[in-house]
Amino acid sequence: MKRLKLAALDSEDLGVLSAYTQDGVLKVGDIRYSKADHRVIFEINRFVWEGAGDGKKRRTYERRRSVLHFARVNAVRSTGIDQSHRDGVLNLLSMRFVPFDTATPDDPSGVVELSFSGDGTLHLLVECVEAQLTDLDASWETLGRPKHA
């Protein structure tokens, strides 16, 4: 399967990245925020939805090691995530952009919300949406396909 390299520069693009990263898993300790560089980077084990087919039962599926990168991040907040438990596993459900000021459509600043199962949320306060998803070489077969509403 071909490796992905995608960029997001607005909320619509972020929705595409969200679809590709849905059900990606990572450890709390894999989230890295560089305040000086205004970046958040983390590695995820991405479920390869684009290779999962039409929903019919398959014998195997694929997960791929990927890097998700956000630039122009001014602050990071979290709710429902125990930062002291570095080996805690997070399951990414969705990402969305919420503008700070809906009355000023030209203002691109806002919050990128990453929602995880178990009611955990990571809030990235951003100047604008600027994200990348890059697949790495590492991939492996998995028997399970995530199932949820």
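This text goes with the structure placed above it.
My aim in this report is to walk through the structure given alongside it, one point at a time. (Residues numbered from 1 in each chain as written. Predicted model: local features only at pLDDT ≥ 70, side-chain atom pairs only at ≥ 80, totals over all residues. Heavy atoms only, no water.)

Next up on the list: the environment of Lys 27. Examined against the element boundaries, Lys 27 turns out to sit in strand 2 (residues 24-27). Put simply, Lys 27 and Glu 43 are 16 residues apart on the chain and 8.6 Å apart in space, counted from C-alpha to C-alpha. Not counting chain neighbours up to four residues away, the residues in contact with Lys 27 comprise Arg 86, Asp 87 and Gly 88. (Helix = DSSP H or I, 4+ residues; strand = E, 2+ residues; numbered from the N terminus. Contact = heavy atoms within 4.5 Å.)

Our focus in this paragraph is the pattern of salt bridges. Going through the model one piece at a time under the given rule, you end up with 9 salt bridges. The partner of Arg 3 in a salt bridge is Asp 137, and the shortest N-O contact between them spans 2.1 Å. Of this pair, Arg 3 sits in the segment before strand 1 (5-8) while Asp 137 sits in strand 10 (residues 131-142), and the two are 134 residues apart along the sequence. Using a relative accessible area of 62% as the deciding quantity, one classes Asp 137 as exposed. For Asp 30, the salt bridge is made with Arg 65, and the minimal N-O distance between the two is 4.0 Å. You can see Asp 30 sitting in the loop between strand 2 and strand 3 (31-34) and its partner Arg 65 sitting in strand 5 (residues 61-70), a full 35 residues away along the chain. It is possible to trace a salt-bridge network through shared partners that takes in Arg 46, Glu 62, Arg 64 and Asp 135. (Salt bridge = Lys/Arg side-chain N within 4 Å of Asp/Glu carboxyl O. Buried < 20%, exposed > 50% of the residue type's maximum accessible area, 1.4 Å probe, protein only.)

Geometric values such as these leave the question of function open.
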